[in-house]
Amino acid sequence: MPRATYSFPNDFLWGTATAAHQVEGNNTNNDWWAWEQGEGHIKNGDKSGKACDWWNGRRWSEDFDRAAATHQNSHRFSIEWSRVQPEPDRWDEATLDRYREMLLGLKERGMNAMLTLHHFSSPIWFAEMGGWESDQAVALFNAFVRRTVEALKAHCNLWVPINEPNVYGMAGFVWGDFPPGKHDLKTGLKVIANMAKGHAAAYQTIHELQSDALVGTAINWRDFVPGDANPLSNVVVNRLHKAYNDAFTTAMVTGKFDAIYYKEDMPEAKGAQDFVGLNYYTRDYVKFNLSKPNYAENFYRKDAERSYTGFLANEPDGFRKCIRWGGQFGLPIYITENGWDDPKDDTRRIYLLDHLLAMWHEVNNNLPVKGYYHWSLVDNFEWERGWTQRFGLWGLDPATQQRVRRPSVDLYSEVCRTNSISSEAVEKWAPECYKRIFPD
Ligand code: BGC
C-alpha cells in the first residue's frame, strides 16, 4: 500500500459554514419565516422552528465547542438582518451584542470568523418595500452593513456581504422555490445585478470602516458540461456558464454585469473584491432541448455517485475546474462552502476526501486557496427542502435538539489537526476510500 501525505499550506483555514436562518431558530421577523407558513412552499410542510436553537437556547456555544474540539480554526456564519434592524428605523443593540459574544466565543476557542451579511433571508419590512427588486435595496442594505460592521469590526475582518446572489436571484425570482416565489428570468437577473451593486457598496463601506478588511464574493459555482454531441448543447452550456457562474464575479473586475439576458453597467463594482469565495457542490450535464426553459435540459451523469436524496452528484473534477476558474482573478480563494447530504454518513467521507484531494491538486498548481469551509457543522434547515436533507458533520434531531457525532467528524478533525490528508488518517477513519485516495 503506498503511503503519502498531502499537505496544505501554512495558515490554511479549516472550518464549517452555517447561515443565520438555518441554525438560529425563531427568526419570525424575516421573509423566510413568512414563506414557511405558506402551503406547499417547504417539503413535508417542514418549518425552521427552533432550527439548531442557536438563538434562544444559545446552543451556538456547544456547537462552537464541537468545532474547536475537532481542530477547526475558523467558522463562517451569518448575521440576521431582521434581528439587527427589526424595523426600518430601529436598531437592536442587544442583537449586535449577541453577535459580538459569538465572535468572542470563537476567539476564546482559538478560531477566527468569516461573516456573511446576507444569506438568503431579509427583514419582512425590506421585502414589503420591494426587497432586492427595488431601487432602494442597495442603500437600505448598505445602512445595515455600516451599522453591523461598525459594531463587530473589532472581532472579524473577513466579510462576505452576500451569499450566493446567483442562487438567490434564480430560486426566488425564476424557479419560484424561495420567497417571493416569482417566475421571471429578467427579474431574477436584475435582482442578481442589484445584489452586485449591493456588494460593491458594502465593499466601500467596509473598507471605510476597517483598514485591514478583506471583502469577498461567495457565488454558487456549478460545473456545466455538454450532455451530448449536439453543438447547440455547447452553446447552451456557454450561456449558462456566463450567466450563472461568471456574471457576478466578473462585474467586480470589469464594472459591467453581463448575464446575456440582462446587462447593466456598474462602474462602482470595479475592483470590489479582495478574495474570491466559491461554493461548489456538483456538476450538471446539459443538453439542448427546445421544450425546456432557456433550451437547457440538466441532468447528472448516469454512473455518478449520488447523495442520499439524489440532490447532488459526486464530481470532484468539477471542483478542480471551479478553483481554476477562481484563479483567473489573481486574488486569494476561499472555498466558502462544499458539502453533501447524507443522514447515514455512508458516503460523506468519500465525497469529502475526493474534494479535499481535488483542492490539494489545485493548490499544487499554485492556485492561492487559503481556506475551506465544509457545509455544515450540524444538520440545519435546508430552505425549501426543509429537514429532508442532512448536511451536518453532526446530525440533529430538531425536536429534542440532540446532536449525534457522525463518523466523518473523526476524519475531518484529523485533516484540520494535521493540515493534511494522510495515509494514517484515511486508513483509520475512512479505510474504504484508501485505494481511491492513495492509488498504487
Ligand atoms: C446554500 C446553503 C445551503 C446549501 C445546501 C448552498 O447553496 O448557501 O445555505 O444549505 O447550499 O443546500
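This text follows the structure it describes.
About the cut-offs
Residues numbered from 1 in each chain as written. Predicted model: local features only at pLDDT ≥ 70, side-chain atom pairs only at ≥ 80, totals over all residues. Heavy atoms only, no water. Helix = DSSP H or I, 4+ residues; strand = E, 2+ residues; numbered from the N terminus. Rg over C-alpha atoms; globule rule 2.2 N^0.38 Å. Buried < 20%, exposed > 50% of the residue type's maximum accessible area, 1.4 Å probe, protein only. Contact = heavy atoms within 4.5 Å. Areas by Shrake-Rupley, 256 points an atom, 1.4 Å probe, with all protein chains shown as cover. Lys, Arg positive; Asp, Glu negative; His and termini not counted. Charge placed at Lys NZ, Arg CZ, Asp CG, Glu CD. Near = heavy atom within 4 Å. Polar contact = N/O pair within 3.5 Å; in protein donor to acceptor, adjacent residues only side chain to side chain. Nonpolar A, V, L, I, M, F, W, Y, C, P; charged D, E, K, R; others polar. Salt bridge = Lys/Arg side-chain N within 4 Å of Asp/Glu carboxyl O. Core = buried A, V, L, I, M, F, W, Y, C linked by side-chain atoms within 4.5 Å. Axes fitted to C-alpha atoms, helices over the stretch in contact; angles between N-to-C directions. Left-handed = near helix turned anticlockwise from the far one by under 90°.

## Considering the overall build of the chain
Argument step 1. Tallying secondary structure elements over the chain gives 15 helices and 16 strands in all.
Argument step 2. Its C-alpha atoms give the chain a radius of gyration of 21 Å, near enough to 22 Å, the size a compact globule of 440 residues would have.
Argument step 3. Referenced to the eigenvectors of the C-alpha coordinate spread, the extents of the chain come out at roughly 65 × 55 × 45 Å.
Argument step 4. Burial status across the chain gives 60% buried among its 440 residues.
Argument step 5. Here the contacts in the chain between residues at least 6 apart in sequence split such that 74% fall between residues at least 24 apart.
Argument step 6. Of the accessible surface of the chain, which amounts to about 16500 Å², a share of 49% is contributed by carbon and sulfur atoms.
Argument step 7. Looking at the chain, you have 49 positive and 58 negative side-chain charges, and the mean spots of the two groups are 2 Å apart.

## Points about the site of the ligand
Argument step 1. Around the ligand sit 13 residues, and of these Q22, H119, E164, E382 and W383 come closest.
Argument step 2. Within the side chain of E337, a nitrogen or oxygen atom sits 2.9 Å from an oxygen atom of the ligand.
Argument step 3. About the coverage of the ligand: the protein hides 95% of its 310 Å² of free accessible area.
Argument step 4. Taken together, the residues that form the shell around the ligand break down as five nonpolar, four polar and four charged.

## Quick word on the pattern of salt bridges
Argument step 1. Enumeration over the complete set of coordinates arrives at 39 salt bridges.
Argument step 2. With a shortest N-O distance of 2.5 Å, D354 and R436 are connected by a salt bridge. Of this pair, D354 sits in helix α12 (residues 348-363) while R436 is found in helix α15 (residues 434-437), placing the two residues 82 residues apart along the sequence.
Argument step 3. The exposure class of D354 is buried, given its relative accessible area of 10%.
Argument step 4. What emerges from the salt-bridge pattern is a single network uniting D53, R59, E62, D63, R66 and R403.

## Focus on the nonpolar core
Argument step 1. Of all hydrophobic cores here, the largest spans 124 residues; its most connected members are W14, W159, F257, M359 and I421.
Argument step 2. At twelve residues, the largest contribution of residues to this core is made by helix α9 (residues 185-209).
Argument step 3. Ignoring sequence-local partners within four residues, the contact set of F257 consists of L189, I192, A193, A196, A247, F248, A251, Y262, K263, E264 and M266.
Argument step 4. Counting 19 residues, the second largest nonpolar core, distinct from the first, contains A19, A218, Y300 and A313.

## Some thoughts on the packing of helix α11 (residues 316-327) against α12
Argument step 1. Interhelical geometry of α11 versus α12 gives an angle of 35 degrees and a closest axis separation of 9 Å. Crossing geometry of α11 relative to α12 is assigned as right-handed. Residues P316, F319, R320, I323 and R324 of α11 touch α12, and the partners they reach there are D354, H355, A358, M359, H361 and E362.
Argument step 2. Across the contact of α11 with α12, the residue classes tally to five nonpolar, two polar and four charged.

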